[in-house]
Amino acid sequence: MRKKRKWAVKLITAVLASALFCTIAGLGFLYGPDNTLSDLLYQRENVTDGEIIVIGMDQKAMDELGPMPWPRYYVADAIEFLNSDPENRPAVIGIDTIYAGESGDPDADAALAEAAREAGNVVVATVATFGSELQFEGDDFFMAQKQVKAWDEPYEALKAAVAGTGHINAMEDRDAILRHALLKFDVPGRGEEYSIARVIYERYCQVRGIEANPLPETDANGFYYLPYTTKSGGYYDGISVADLVNEEVDPAIFGGKIVLIGPYTYALQDSYRTSIDHAAPMYGVEYLANLIDNFRSGFYPKEAPEAAQLAVLFVICFGMLLFFYDRHVVKALAAEAAAVVLWILICLGAFRCGVILHVLWVPLFVTVLFVASVAMNYLRAAREKRRVQNTFGHYVDPSIMKTLLEQGSSALELGGKTYDVAVLFVDVRGFTSMSESMDPPTVVEIVNRYLTLTTECIIKNHGVLDKFVGDCTMAFWNAPVPQEDPVYLACLAAMDMVEGSKALGEELQKRFGRSVSFGIGVNYGPAVVGNIGAPLRMDYTAIGDTVNTAARLEANAPGGEILISRAVADALGDRAKVTSLGDSIKLKGKAEGFEILRLDELKR
């Protein structure tokens, strides 16, 4: 029954703890640290293959061409220069800048549109402004999120001249990290608008004559996870728009490549913190380059369903808590470390298979369970130690106590085991008659003196003090911890009691005019030793015929003498001098011929 209750407590604890952890994870309390750890594990910088070249609208360009916005003929000149070598034209030129509406310079607007028309490989940007909007479905209404509230696209002449348009909207996650990309969205009255990265990629495939990879699977809002190819600076070789306008580079280096032109200075406020590098912001044109390379790789990992991950978390926490419960700290630590390492390896393997798992959940909660279990096991061990000390601390030898503490609560379980024990009984002779003529406080004082003496002799010789019954003391050896030569230790204690009683008797003679002595019996044989009684009241004691015989030996021992059985004498061998009394003393319950001996001397 006790084991069943213990298992029930373990199961209930495991269920409640696992449910609590799943609630914490499911409500998003770990969103920030989990994504940070996931970014460290999943995002790896790679070397680019040179197929994408970023041209910076950088500080050099602003120093040489003037502050932005520039006259649009500068970009027209750049487009014309990039296409100036007919044999080495770029596959596609992406302009990561919005040219919405006509400027105050019609000639410049016309020049840009004409350059784009003649090139035939220019893709320009669009951008949407999102907001919430009240929508109706029959009699019901609701607030629709991320609705297009405003739409900016190239002015008409440029729009008609370019090879394509695509949006450049970038939306950070709620921890202000750019981790996902928006593939497309619906523009009222126009239809779907894909990202400029996808439009550029498909144009590139068309020019190069290769089949485009399929679109990534998105969530309900059109987003998908982006595995970055490289950090900031990975696509930028220091080429400025000014270098194109001033024709200071060889246009042949751009042949067949994807060329991206966009802001490349913090002054233009087009940079983001990304999942591949939280510390160094990435310019929008580099983010665009990473998007294109992702389409080129065709690797689109997707977050595993949240419900499935919570279910896995519950099972793992449930199993680990059951394992940690009452487990030795070294084994628990090894299991905790193994679980953490294994989970990280699983996350890496799943990611390579296109599945994204929460990296932090399992390691964090398994570690919490480990720490909590170590703390609980420590408190439980401390409590059990106090229980054992309270039960045995006043009447067992310290070396025995150490072993009992190692056994823990099992030493306190109701029931017993059979041991071969040496049992000693000692009683005060002449005490009853003496006590009749003394006042109670004096009687108690004398009893306590004798019992203190017997206790000291027992503990000194590594015995277990079983009980006091009036002025009688019972002790045993070789249980609950096996001892070397328990019979000899019991007889040493008996001899010490006889010697100690002489000095105490002389003191009592002087003080009270009366003296008393000890009668002692020692036996050796099998007995049941353990906690015997009821759960609410139990005694750690020894019972059986061996114990009864020792008590009867003591009852028949004259003052100052030690009576032993043949089993004790045989165990002592030539270390003791004994006198056989034969069967001259009849013990209750013993058949004829039971030999009793007197212990006269013991070698030390």
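These numbers come from a predicted model, not from an experiment.

Conventions we followed
- Residues numbered from 1 in each chain as written.
- Predicted model: local features only at pLDDT ≥ 70, side-chain atom pairs only at ≥ 80, totals over all residues.
- Heavy atoms only, no water.
- Helix = DSSP H or I, 4+ residues; strand = E, 2+ residues; numbered from the N terminus.
- Rg over C-alpha atoms; globule rule 2.2 N^0.38 Å.
- Buried < 20%, exposed > 50% of the residue type's maximum accessible area, 1.4 Å probe, protein only.
- Contact = heavy atoms within 4.5 Å.
- Pairing = 2+ DSSP bridges.
- Core = buried A, V, L, I, M, F, W, Y, C linked by side-chain atoms within 4.5 Å.
- Axes fitted to C-alpha atoms, helices over the stretch in contact; angles between N-to-C directions.
- Parallel < 35°, antiparallel > 145°, perpendicular 65-115°, else oblique.
- Left-handed = near helix turned anticlockwise from the far one by under 90°.
- Nonpolar A, V, L, I, M, F, W, Y, C, P; charged D, E, K, R; others polar.
- Phe/Tyr/Trp six-rings, centres within 6.5 Å; stacked < 30°, edge-to-face > 60°.
- Lys NZ or Arg CZ within 6 Å of the ring centre and 35° of its normal.
- Patch = residues over 30% accessible without salt bridge, like charges linked within 9 Å, V, L, I, M, F, W, Y side chains within 5 Å.
- Areas by Shrake-Rupley, 256 points an atom, 1.4 Å probe, with all protein chains shown as cover.
- Salt bridge = Lys/Arg side-chain N within 4 Å of Asp/Glu carboxyl O.
- Lys, Arg positive; Asp, Glu negative; His and termini not counted.
- Charge placed at Lys NZ, Arg CZ, Asp CG, Glu CD.
- Polar contact = N/O pair within 3.5 Å; in protein donor to acceptor, adjacent residues only side chain to side chain.

**Q** Just checking my understanding: could you explain the overall build of the protein for this structure?
**A** Looking only at helices and strands, the protein features 18 helices and 23 strands. A compact globule built from 604 residues should have a C-alpha radius of gyration of about 25 Å, whereas the protein, at 46 Å, is more than 25% larger. Dimensions of the protein, computed from C-alpha atoms along their principal axes, come out at roughly 140 × 60 × 45 Å. Out of the 604 residues in the protein, the part that is buried amounts to 48%. Taking the contacts inside the protein whose residues are at least 6 apart along the sequence as the reference set, 75% of them involve residues at least 24 apart.

**Q** Honestly, helix 4 (residues 73-82) in this entry has me stumped. Any pointers?
**A** Working note: α-helix, 3.6 residues per turn, so residues spaced by three or four point in the same direction. Of all 10 residues that make up helix 4, seven are buried, and the element is covered over most of its length. Listed as buried for helix 4 are Tyr74, Val75, Ala76, Ala78, Ile79, Phe81 and Leu82.

**Q** Please explain the side chain of aspartate 39 as it appears in this structure.
**A** On the secondary structure map, aspartate 39 appears in helix 2 (residues 31-42). Note on aspartate 39: relative accessible area 3%, which makes it buried. For aspartate 39, the residues in contact, after removing those within four places along its chain, are Ile177, Arg179, Tyr225, Ser275 and His278.

**Q** What should I look at first to understand the environment of isoleucine 532 in this one?
**A** Relative to the elements of secondary structure, isoleucine 532 occurs in strand 19 (residues 517-534). Taking the relative accessible area as the measure of exposure, isoleucine 532 reaches 31% and is therefore partly exposed. Considered as a pair, isoleucine 532 and glycine 416 are 116 residues apart in the sequence and their alpha carbons are 7.2 Å apart.

**Q** In this structure, what is going on with the pairing of strand 18 (residues 472-477)? I would like to understand it.
**A** On a regular strand, each side chain points to the face opposite its neighbour's, so the side chains alternate between the two faces of the sheet. Across the six residues that make up strand 18, a large majority, six, are buried. Of the two faces of strand 18, the one holding Cys472, Met474 and Phe476 and the one holding Thr473, Ala475 and Trp477 are both buried throughout. In this sheet, strand 18 lies alongside strand 17 (residues 464-469) in antiparallel orientation, the contact comprising five bridges. For valine 464, the partnering residue across the bridge sits in strand 18 and is phenylalanine 476.

**Q** Could you clarify how one ought to interpret the nonpolar core in this entry?
**A** Inside soluble globular proteins, nonpolar side chains tend to come together where they are buried. The biggest cluster of nonpolar side chains holds 44 residues, and the ones touching the most others in it are Leu424, Trp477, Ile520, Val522, Ile562 and Leu572. Looking at which element gives the most residues to this core, the answer is helix 16 (residues 486-512), with 13 residues. Discounting chain neighbours no more than four positions away, the residues touching leucine 572 are Val487, Tyr488, Cys491, Leu599 and Leu602.

**Q** Could you clarify how one ought to interpret the packing of helix 7 (residues 196-208) against helix 9 (residues 284-297) in this entry?
**A** When two helices pack together, their arrangement is given by the angle between the helix axes and the distance between those axes. One way to put it is that helix 7 packs onto helix 9 with a least axis distance of 9 Å and a crossing angle of 50°. In terms of their interaxial angle, helix 7 and helix 9 are classed as oblique. The hand of the helix 7/helix 9 crossing is right-handed. Residues Ile196, Ala197, Arg198, Ile200, Tyr201 and Tyr204 of helix 7 lie in contact with helix 9, whose contacting residues are Leu288, Leu291, Ile292, Phe295 and Arg296. Among the residues making up the contact of helix 7 with helix 9, the classes are represented as nine nonpolar, no polar and two charged.

**Q** Even after reading the chapter, I still don't get the packing of aromatic side chains, so can you show me in this structure?
**A** Any pair of aromatic rings gets described here by the distance separating the centres and the angle formed by the planes. Within the structure shown, the criterion is met by 21 aromatic pairs. Summarising the aromatic geometry, the rings of phenylalanine 295 and tyrosine 300 are spaced 6.4 Å apart at their centres and angled 65° between planes, so their arrangement reads as edge-to-face. Accessibility classification places phenylalanine 295 together with tyrosine 300 in one group, the buried group. Counting every residue linked through ring pairs, the aromatic cluster contains Tyr42, Tyr225, Phe299 and Phe351. The lysine or arginine in question, arginine 174, covers the ring of tyrosine 31, its NZ or CZ lying 3.9 Å from the ring centre. Between the NZ or CZ atom of arginine 198 and the centre of the ring of phenylalanine 295, over which it lies, the distance is 4.9 Å.

**Q** Is there a simple way to explain a negative patch on the surface in this structure?
**A** A grouping of Asp77, Glu80, Glu118 and Glu247 is seen on the molecular surface, where their side chains present a negatively charged patch. By the secondary structure assignment, glutamate 247 is in the loop between helix 8 (241-245) and strand 11 (258-263).

**Q** Please explain the pairing of strand 11 as it appears in this structure.
**A** Burial analysis of strand 11 places six of its six residues in the buried class, which makes it a mostly covered element. As judged from the six bridges shared by strand 1 (residues 52-57) and strand 11, these two strands associate in the parallel manner. Bridging from a neighbouring strand, isoleucine 53 pairs with valine 259 of strand 11. For strand 2 (residues 92-95) and strand 11, the ladder comprises four bridges, and the chain directions are parallel. Note on strand 11: the bridge partner recorded for isoleucine 93 is valine 259.

**Q** How do you make sense of the side chain of glutamate 336 when you look at a structure like this?
**A** Topologically, glutamate 336 is positioned in helix 11 (residues 329-352). Look at glutamate 336: it is buried, it has no salt bridge, and the nearest opposite charge is arginine 327 at 14 Å. A distance of 2.7 Å separates a polar atom in the side chain of glutamate 336 from a polar atom in the side chain of threonine 367. Setting aside residues up to four positions removed in sequence, glutamate 336 forms contacts with Met320, Phe324, Val366, Thr367 and Phe370.

**Q** I would appreciate a short explanation of a nonpolar patch on the surface in the present structure.
**A** Together, Val329, Val330 and Val374 make up a nonpolar patch on the protein surface, roughly 220 Å² of accessible area in all. Relative to the assigned elements, valine 330 resides in helix 11.

**Q** Whenever I open this one, the pattern of salt bridges confuses me. Can you help?
**A** A pair can form between side chains of opposite charge whenever their charged atoms are brought close. Here the structure, examined in full by the defined rule, presents 28 salt bridges. A salt bridge links arginine 429 to aspartate 427; the shortest N-O distance between them is 3.5 Å. The buried category is assigned to arginine 429, whose relative accessible area is 19%. Several salt bridges share partner residues, and in doing so they unite Asp39, Asp173, Asp175 and Arg179 into one network.

**Q** What exactly am I supposed to notice about unusual backbone geometry here?
**A** Negative phi is the rule for most residues except glycine; trans is the rule for most peptide bonds. Put simply, methionine 68 and proline 69 share a cis peptide bond, and its omega is 5°. For proline 69, the position within the fold is in the loop between helix 3 (59-65) and helix 4. A cis amide bond, omega 0°, links alanine 479 with the succeeding residue proline 480. Here proline 480 lies in the loop between strand 18 and helix 16. For histidine 462, which is not a glycine, the phi torsion comes out positive at approximately 65°. The topology assignment puts histidine 462 in the loop between helix 15 (440-460) and strand 17. On the basis of relative accessible area, histidine 462 is assigned to the partly exposed category, the value being 34%. The backbone of asparagine 478 shows a phi angle near 80°, a positive value even though the residue is not glycine. Structurally, the position occupied by asparagine 478 is in the loop between strand 18 and helix 16. Overall, asparagine 478 belongs to the buried group, its relative accessible area being 13%.

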